[in-house]
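For reference, the chains in residue letters:
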Amino acid sequence: MKKISWVQLCFTFVGVFLGAGFVSGQELWKFFACFGAAGLAGFLVSAVIMTAAHGALLGLVRSTGEARIGFLMTRGDSSLLRTALLALQYLFLFGVVVIMIAGAAESLSGLTGLSTILLGAIVTLVIFVLALCGLQSLVASFSALVPVITVCAVIIAGVVISGGKGQTAEFAPEASLLRPNWYVSAATYAAYNLFGSLTTMIPLAEHIPDGKTLRKGLLSGSVVLLLIAMSMIAAMLVCPEAGQDELPMIVLAGEISPVLQTGYSVLMTLSMVVSALGCVFALLRQWELQAPKLQKRAGLMNAALCAAAFVFSRFGFGTLVGVFYPICGYLGIPFVVMLFLNWKSAKKK
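Just so it is clear, the structure is predicted and the values come from calculations on it, not from any experiment.

Trainee: So what's going on with the packing of helix α10 (residues 182-201) against helix α15 (residues 317-348)? Which residues, and what values?
Mentor: Interaxial distance between α10 and α15 falls to 7 Å at its minimum, and their mutual angle equals 75 degrees. Taken together, the axis directions place α10 and α15 in an arrangement best described as roughly perpendicular. Residues Val184, Ala187, Thr188, Ala191, Tyr192, Leu194 and Phe195 of α10 touch α15, and the partners they reach there are Tyr325, Pro326, Cys328, Gly329, Tyr330, Gly332, Ile333, Phe335, Val336 and Leu339. Of the residues belonging to the contact of α10 with α15, the class tally is 14 nonpolar, three polar and no charged.

Trainee: Give a description of a nonpolar patch on the surface that names residues and reports values.
Mentor: A grouping of Leu91, Val323, Ile327 and Leu331 is seen on the molecular surface, where their side chains present a nonpolar patch of about 280 Å² in accessible area. Residue placement: isoleucine 327 occurs in helix α15.

Trainee: Before we move on, can you summarise the layout of surface pockets with the specific residues and values?
Mentor: In this structure, the largest pocket encloses a volume near 1400 Å³. Forming the boundary of the largest pocket are 47 residues, of which Gly15, Val16, Gly196, Thr200 and Ser275 lie nearest the centre. Contributing elements (two or more residues each) for the lining of the largest pocket: α1 (6-15), α2 (20-24), α6 (79-112), α8 (136-141), α9 (145-163), α10, α11 (211-238) and α13 (258-290). For the lining of the largest pocket, the leading source of residues is α13, giving eight residues. When grouped by side-chain class, the residues that make up the lining of the largest pocket number 29 nonpolar, 17 polar and one charged.

Trainee: Break down the side chain of serine 265 for me, with residues and values.
Mentor: Locating serine 265 in the fold gives a position in helix α13. At 2.8 Å, the side chain of serine 265 and the backbone oxygen of glutamine 261 are in polar contact.

Trainee: Pulling in residues and values, what's your account of the nonpolar core?
Mentor: By size, the foremost hydrophobic cluster in this structure holds 110 residues, and its most contacted members are Phe22, Leu28, Phe43, Met73, Tyr264 and Tyr325. By residue number, the principal contributor to this core is α6, which donates 14 residues. Once residues within four sequence positions are removed from consideration, phenylalanine 43 is found in contact with Phe22, Leu28, Phe32, Tyr189, Leu225, Leu226, Ala229 and Ile233.

Trainee: Explain the environment of valine 224 residue by residue, including any values.
Mentor: Checked against the element boundaries, valine 224 lands in helix α11. C-alpha separation for the pair valine 224 and serine 313, spaced 89 residues apart in sequence, amounts to 32 Å. In this structure, valine 224 is in contact with Cys10 and Val14, ignoring residues within four places of it in sequence.

What counts and how
- Residues numbered from 1 in each chain as written.
- Predicted model: local features only at pLDDT ≥ 70, side-chain atom pairs only at ≥ 80, totals over all residues.
- Heavy atoms only, no water.
- Axes fitted to C-alpha atoms, helices over the stretch in contact; angles between N-to-C directions.
- Helix = DSSP H or I, 4+ residues; strand = E, 2+ residues; numbered from the N terminus.
- Parallel < 35°, antiparallel > 145°, perpendicular 65-115°, else oblique.
- Contact = heavy atoms within 4.5 Å.
- Nonpolar A, V, L, I, M, F, W, Y, C, P; charged D, E, K, R; others polar.
- Patch = residues over 30% accessible without salt bridge, like charges linked within 9 Å, V, L, I, M, F, W, Y side chains within 5 Å.
- Areas by Shrake-Rupley, 256 points an atom, 1.4 Å probe, with all protein chains shown as cover.
- Salt bridge = Lys/Arg side-chain N within 4 Å of Asp/Glu carboxyl O.
- 1 Å grid on protein atoms, 1.4 Å probe; cavity = no way out; pocket = protein on both sides within 12 Å on 5 of 7 lines; lining within 4 Å.
- Points joined across faces, edges and corners; volume = space filled by probe spheres on them.
- Polar contact = N/O pair within 3.5 Å; in protein donor to acceptor, adjacent residues only side chain to side chain.
- Core = buried A, V, L, I, M, F, W, Y, C linked by side-chain atoms within 4.5 Å.
- Buried < 20%, exposed > 50% of the residue type's maximum accessible area, 1.4 Å probe, protein only.

Here it is, written out as structure tokens:
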């Protein structure tokens with residue numbers, strides 16, 4: 001692979017955050033918009049943390065040559081910490097599968113009026129069959145869905161904001177035990193999103209030519225991410241009743257046009273299925289690497305994984321986003337702190 005430019009780094013950085021959960025609006029609602037205008041400040045803080053953490057991560061890989069996550073994000077020679085980190089990665093990947101099944105079922109239910117239980121079972125079966133066939137290329141071929149749906153989300157947000165004349169509606173903050181305020185939300189959001197980007201960002205480190213490219217790419221990516229997220233949060237502040245729905249951006253699309261709402265729902269459903277499939281492939285691959293004997297039982301492992309994901313998906317998309325992601329964030333914060341400490345130690349050396 002050739003050296004990458006700051007533009008390539010910029011859009012890779014943005015891309016790792018723009019998953020199907022992000023463009024549904026539910027993540028941004030639960031972590032930021034539900035706190036009112038303070039949510040805008042919350043995402044700004046989160047973006048600063050994420051940019052700094054990725055700068056430390058990529059800088060550490062470039063300066064030490066170490067690309068193993070367990071050694072980058074733990075201190076000392078602790079096998080216990082590395083095992084905990086690996087377990088957290090597995091938990092996060094499984095959680096994404098669960099949440100995407102729940103979200104796809106909700107989206108399809110809005111289109112068809114059918115039960116989310118039935119639709120969730122169908123989505124799970126589709127994911128199981130595709131994973132059984134080993135269609136990893138499908139994930140790559142559908143990767144263009146996320147940029148398309150992101151552009152649609154920004155356009156929808158812009159139209160909603162224009163229609164609302166830039167005025168935000170007043171409503172009580174929707175705090176919870178796991179998300180008591182906007183700054184705790186910002187910290188946990190940044191932490192769990194870092195785990196979602198590790199496998200994509202770390203391999204890029206050796207292809208970044210210099211520190212200037214690293215800084216310029218991450219800073220510009222942060223600005224792009226801010227523009228996208230702020231527009232979506234602002235749209236939900238103009239129309240906060242959308243946040244009461246499992247898929248806020250679909251509700252906002254419906255405020256503009258039923259055709260746009262249907263198109264956005266289809267794109268989001270496909271994006272969620274592909275996101276879940278990618279995580280299933282990643283989990284199965286990791287299990288095979290840790291225990292090669294499991295390769296002979298890949299079908300059974302796939303079935304067990306999908307069945308468990310379907311069961312947990314019954315908690316509902318909004319509930320899962322508001323509970324599972326913050327828990328991953330809290331568990332991930334100590335590892336983010338250790339990452340910064342390792343980076344600081346490497347700079348001294």
